[in-house]
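Breakdown of the fold
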Amino acid sequence: MDDRSWEEFLIPYEQAVEELKVKFRGIRKELKKKNEYSPIEFVTGRIKKISSILEKAQKLGIPMDRLEEVEDITGIRIMCQFVQDIDRVVELVRQRNGKDMTIVYEKDYIKNQKPSGYRSYHIIIKYPVHTSQGEKEILAEIQIRTLAMNFWATIEHSLNYKYEGNIPEDIKERLRTTAEAAYLLDTEMSEIRDEIRDAQQMFEYKSNIVSRI
Ligand code: 0O2
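Every value quoted in this text rests on a predicted model; they were computed, and no experiment measured them.

1. Overview of the confidence of the model for the protein
- Mean pLDDT over the protein works out to 95, with 98% of the residues at or above the 70 mark.
- The ipTM assigned to the predicted complex is 0.93, against a pTM of 0.94.

2. Notes on unusual backbone geometry
- Of note, asparagine 35 is a non-glycine position whose phi angle comes to about 60°, a positive value.
- Inspection of the secondary structure puts asparagine 35 in the loop between helix H1 (3–33) and strand S1 (42–47).
- Even without being glycine, glutamate 164 reaches a positive phi, approximately 50°.
- Along the polypeptide, glutamate 164 turns up in the loop between helix H4 (147–162) and helix H5 (169–191).

3. Regarding the sheet that holds S1
- Taking strand neighbours across the sheet as the criterion, the 5 strands line up as S1-S2-S5-S4-S3 in an open arrangement whose pairing is mixed. Two strands bound the open sheet, and with one partner strand each, they are S1 and strand S3 (102–108). Here the strands of the sheet are splayed against their neighbours by 25° on average, with no regard to which way each runs.
- Bridging between strand S2 (residues 74–80) and strand S5 (residues 134–146) involves 7 bridges; their strand directions are parallel. Along S5, the bridge assignment pairs cysteine 80 with threonine 146.

4. A few points about the UniProt feature "domain: RelA/SpoT" (unreviewed entry) in the protein
- With numbering aligned to this structure, UniProt lists the feature "domain: RelA/SpoT" (unreviewed entry) at residues 45–167.
- Across residues 45–167, the secondary structure splits into 33% helix and 33% strand, with the terminal C-alpha atoms separated by 26 Å.

5. What to know about the site of the ligand
- Neighbouring residues of the ligand: 13 residues in total, closest Ser116, Tyr118, Ala153, Glu156 and His157.
- It is H4 that provides the largest number of residues to the shell around the ligand, a total of 3 residues.
- Residue composition of the shell around the ligand, grouped by class: 2 nonpolar, 5 polar and 6 charged.

6. Considerations on the packing of H4 against H5
- Where H4 contacts H5, the axes come no closer than 9 Å and their chain directions differ by 165°. It follows from the interaxial angle that H4 and H5 lie roughly antiparallel. Two packed elements cross with a definite hand, and for H4 against H5 that hand is right-handed. Here Ala148, Met149, Phe151, Trp152, Glu156 and Leu159 of H4 lie close against H5, whose contacting residues are Ile171, Leu175, Thr178, Ala179, Ala182, Leu185 and Asp186.
- Its residues placed into classes, the contact of H4 with H5 shows 10 nonpolar, 1 polar and 2 charged.

7. Some points on H5
- Taking 1.5 Å as the rise per residue, H5 with 23 residues should run 33 Å; its terminal C-alpha atoms sit 33 Å apart, in good agreement.
- Turning to H5, its buried residues number three or more, namely Ala179, Ala182 and Asp186.
- Check the buried side of H5 and you find it contacts helix H3 (83–95), S5 and H4.

8. Some points on the environment of isoleucine 62
- If you trace the backbone, isoleucine 62 turns up in the loop between helix H2 (50–60) and S2.
- Given 16 C-beta atoms within a 10 Å radius, isoleucine 62 is considered partly exposed.
- For isoleucine 62, the contacting residues outside a window of four places in its chain are Ala57, Leu67, Glu69 and Val70.

What counts as what
Residues numbered from 1 in each chain as written. Predicted model: local features only at pLDDT ≥ 70, side-chain atom pairs only at ≥ 80, totals over all residues. pLDDT = per-residue confidence, 0-100. Helix = DSSP H or I, 4+ residues; strand = E, 2+ residues; numbered from the N terminus. Pairing = 2+ DSSP bridges. Axes fitted to C-alpha atoms, helices over the stretch in contact; angles between N-to-C directions. UniProt positions renumbered as here; feature names shortened; annotations may be inferred. Near = placed C-beta within 6 Å. Nonpolar A, V, L, I, M, F, W, Y, C, P; charged D, E, K, R; others polar. Parallel < 35°, antiparallel > 145°, perpendicular 65-115°, else oblique. Left-handed = near helix turned anticlockwise from the far one by under 90°. Contact = placed C-beta atoms within 7 Å. Expected span 1.5 Å × (residues − 1). Buried ≥ 20, exposed ≤ 12 C-beta atoms within 10 Å, placed from the backbone.

Structure, rendered in structure tokens:
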């Protein structure tokens, strides 16, 4: 595919990233406006790099004329403060099943941590995009994780990039130790969750009053 064909191919995926970001950020906005707790802390989205799409297609034996079978060309990441929030976000996605999106399958890398130490909850969805050519249904991956899981995954991802997927064994071992530390951080934070939430609510209440003065 030349640059132009790639650009055209990626149009619906780019649109889906933008729409899904607005939708999930909207949930947080709405809950905050109603002074309710939001299980969503922040949302990011990306289009997979062309080189990564090709690599993944090759790994999975997907031919060039069926690249749309790569499930994470559109990727949305939803970050939560606490592990318990992940269940609430998963529930929010499930409630939309059959409405503006269709769940294809879910992968729980929190219960089934990857050997690398990676933890996150993935939901693969089908999402309809309305383009000038009509409706096109694309696949997208929603990753739901805590801030600690995200911190770990971001660092590990950049090391993987640096070492082109062959992280030296000693660093791999250290990453497994830090994954354990991130897990403990999540567990400890969950235990004092009510304390933290009270403190945050008080802080937000004060900030709102100050901003109104
Ligand atoms: P990009 O474009 O760099 O974001 P497999 O490797 O086959 O076991 P699979 O099926 O490829 O797993 O994983 P899955 O569930 O489709 O998830 C792919 C994405 O999940 C990755 O995107 C990462 O964002 C994340 N992920 C999965 N495993 C790991 C891991 O061990 N470490 C980190 N940091 N992230 C992981 P890509 O492929 O990196 O693409």
